[in-house]
Amino acid sequence: MAEVKLENIKKVYEGNVIAVQDVNLTVEDREFVVLVGPSGCGKSTTLRMIAGLEEITEGKLYIDNKLMNDVAPKDRDIAMVFQNYALYPHMNVFDNMAFGLKIRKFPKNEIKKRVEVAAKILGIENLLDRKPKALSGGQRQRVAVGRAIVRKPKVFLFDEPLSNLDAKLRVQMRTEISKLHEKLEATMVYVTHDQTEAMTMGDRIVVMKDGIVHQIDTPLNLYYHPANKFVASFIGSPSMNFIDGKIISENGLKYRSSSGLLNFKLDTLANKNLSNAINKKVYLGIRPEDFRIKTDETISDTMVTFESIIGVSEPMGNETYIYFILDGVQCVARVDSMFNFKTASQVSFQFDFTKAHFFDGESENRI
């Protein structure tokens, strides 16, 4: 397998439309890296530049320490799995998987061996004689992955390969792709708009927006230490709640929300950067699971308590999503399903401010 290195990669379309801006990324040998972000953020364009399907406007691309900017896609030793499977409808499964090897003049016995091995890995040995129209969506996706496997490329590229599958099959297929990565010990770059896929599959995740990379990190670091407000809002479901306010100095360091409903000391937080944000606008970020319902047992010096009216309550089985207004902003809490509240009922909420996140009001970077 091989390392993939992007140095100051930029893509500009006609009319000076910047799709990807100054991307620097090194995908280590045998690493699984996921590019994630909203539609139009430049993740698929970045993947297509690695594949050679899009021309690089500026910057350098290396695969296995070799400059690839002007190398044709067929000579890059990569294999790509597309969103729409891209299978030949007139060919059976065997011929679809073997096609790339046939045009490269591989011996027939080698082709047969590779196809059979890939089919066994993917559990589609009994489908080799079928045409794509006789396959389910999940089976077609396995064939598309199998076609990539038989090539034994240095790098596997996946462009939203599960987006056409139903929810249950997506969960199953992402597990299988993760297992495949471990089995093949392959270098993989995977594009998705689904942050759940990104969190469960990637060794590292690249979060993009408007063609710019906002953070590259492990799933847990992205979740617990987001670099800015956008990353914090994008990673996590439901997304993080944000409340406007200020850091003030009043008998010590305090946070005060815009309306003054939240007003609590921060002295126990060992964050020197908060001292530099005094009298500046900040966003207080609270994950839905960090809200809790106040009970007699939840007493702590770091707990902040407030009252609110329930707007909507959504039972999810083992937990319930509760929507309420906090300081003029709609928020959501994930609480135990034992709490069954009716709409318009008043509830006492709490959160532990040591688990809160703070972001600069102007730059939106983490404080």
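Everything below is about the structure printed above this text.
The sections below set out a description of the structure shown in this document. (Residues numbered from 1 in each chain as written. Predicted model: local features only at pLDDT ≥ 70, side-chain atom pairs only at ≥ 80, totals over all residues. Heavy atoms only, no water.)

With respect to the packing of helix H2 (residues 93–103) against helix H4 (residues 137–149)
At step 1: It is the contact of H2 with H4, at a shortest axis distance of 8 Å, that shows an interaxial angle of 35 degrees. For the pair H2 and H4, the crossing hand works out as right-handed. In this structure, H2 contributes Val-93, Asn-96 and Met-97 to the contact, and H4 contributes Val-143, Gly-146 and Arg-147.
At step 2: By residue class, the composition of the contact of H2 with H4 is 3 nonpolar, 2 polar and 1 charged. (Axes fitted to C-alpha atoms, helices over the stretch in contact; angles between N-to-C directions. Helix = DSSP H or I, 4+ residues; strand = E, 2+ residues; numbered from the N terminus. Left-handed = near helix turned anticlockwise from the far one by under 90°. Contact = heavy atoms within 4.5 Å. Nonpolar A, V, L, I, M, F, W, Y, C, P; charged D, E, K, R; others polar.)

Looking at the side chain of Thr-302
At step 1: Along the chain, Thr-302 falls in the loop between strand E15 (291–293) and strand E16 (303–315).
At step 2: By relative accessible area, which is 17% here, Thr-302 ends up buried.
At step 3: Polar side-chain contacts of Thr-302 include one of 3.0 Å to the side chain of Asp-352. (Buried < 20%, exposed > 50% of the residue type's maximum accessible area, 1.4 Å probe, protein only. Polar contact = N/O pair within 3.5 Å; in protein donor to acceptor, adjacent residues only side chain to side chain.)

Topic: H4
One turn of the α-helix equals 3.6 residues, which is why residues spaced by three or four share an orientation.
At step 1: With 13 residues, H4 should cover 18 Å at 1.5 Å per step; its first-to-last C-alpha distance of 18 Å lies within 8% of that length.
At step 2: Within H4, 10 of the 13 residues are buried, which leaves the element mostly enclosed by the surrounding structure.
At step 3: Taken residue by residue, H4 has Gly-138, Gln-141, Arg-142, Val-143, Ala-144, Val-145, Gly-146, Arg-147, Ala-148 and Ile-149 as its buried positions.
At step 4: Of the surrounding elements, those touching the buried residues of H4 are strand E6 (78–81), H2, helix H3 (108–122), strand E7 (155–159) and helix H5 (167–184). (Expected span 1.5 Å × (residues − 1).)

Brief notes about the nonpolar core
At step 1: Ranked by internal contacts, the top residues of the largest apolar core, which has 47 residues, are Met-97, Ile-124, Phe-158, Tyr-190 and Val-207.
At step 2: The contact partners of Tyr-190, leaving out residues within four places of it in the chain, are Phe-32, Val-33, Val-34, Leu-35, Phe-158, Pro-161, Leu-162, Ile-177, Glu-197 and Met-201.
At step 3: Ile-243, Leu-253, Ile-286 and Leu-326 belong to the second largest nonpolar core, which has 30 residues in total. (Core = buried A, V, L, I, M, F, W, Y, C linked by side-chain atoms within 4.5 Å.)

Remarks on the pattern of salt bridges
At step 1: According to the stated counting rule, one finds 15 salt bridges in the structure shown.
At step 2: A salt bridge links Glu-54 to Lys-11, with the nearest nitrogen and oxygen atoms 3.6 Å apart. One end of the pair, Glu-54, is in the loop between helix H1 (43–51) and strand E4 (58–63); the other, Lys-11, is in strand E1 (residues 4–13), and 43 residues separate them in sequence.
At step 3: Glu-54 gets classed as buried once you look at its relative accessible area, which sits at 18%.
At step 4: Lys-154 serves as the salt-bridge partner of Asp-64, at 2.8 Å between the closest nitrogen and oxygen. Note that Asp-64 is positioned in the loop between E4 and strand E5 (66–67) and Lys-154 in the loop between H4 and E7, a separation of 90 residues in sequence.
At step 5: With a relative accessible area of 27%, Asp-64 lands in the partly exposed category.
At step 6: Under the relative-accessibility criterion, Lys-154 is labelled partly exposed at 22%.
At step 7: Beyond isolated ion pairs, a larger network of salt bridges with shared partners links Lys-11, Arg-48 and Glu-54. (Salt bridge = Lys/Arg side-chain N within 4 Å of Asp/Glu carboxyl O.)

Let's talk about H1
At step 1: Where burial is concerned, most of H1 is hidden: 7 out of the 9 residues are buried.
At step 2: Turning to H1, its buried residues number three or more, namely Lys-43, Thr-45, Thr-46, Leu-47, Met-49, Ile-50 and Ala-51.
At step 3: Two residues or fewer past H1, Gly-52 is found with a positive phi of approximately 90 degrees.

Quick notes on the packing of aromatic side chains
At step 1: Counted according to the given criterion, the structure contains 19 aromatic pairs.
At step 2: Taking the centre distance of 5.4 Å and the plane angle of 25 degrees together, the rings of Phe-264 and Phe-353 count as stacked. You can see Phe-264 sitting in strand E13 (residues 263–265) and its partner Phe-353 sitting in the loop between strand E19 (346–352) and strand E20 (357–360), a full 89 residues away along the chain.
At step 3: When its relative accessible area of 5% is taken as the criterion, Phe-353 is described as buried.
At step 4: These aromatic residues form a ring-pair network of at least three members: Tyr-255, Phe-264, Phe-291, Phe-306, Phe-324, Phe-349, Phe-351, Phe-353 and Phe-358.
At step 5: Just above the ring of Phe-242 sits the side chain of Lys-229; from NZ or CZ to the centre is 4.7 Å. (Phe/Tyr/Trp six-rings, centres within 6.5 Å; stacked < 30°, edge-to-face > 60°. Lys NZ or Arg CZ within 6 Å of the ring centre and 35° of its normal.)

Comments concerning unusual backbone geometry
At step 1: Of the consecutive residues Ser-237 and Pro-238, the connecting peptide bond is found in the cis state with omega at -5 degrees.
At step 2: Tracing the sequence through the fold places Pro-238 in the loop between helix H8 (229–234) and strand E11 (241–249).
At step 3: Of note, the phi angle at Lys-152 is positive, near 50 degrees, even though the residue is not glycine.
At step 4: Position of Lys-152 relative to the elements: it lies in the loop between H4 and E7.
At step 5: According to the relative accessible area criterion, Lys-152 is exposed, its value standing at 55%.
At step 6: Here the phi dihedral of Asp-327 falls at roughly 55 degrees; this positive angle occurs in a residue that is not glycine.
At step 7: Note that Asp-327 resides in the loop between strand E17 (319–326) and strand E18 (329–336).

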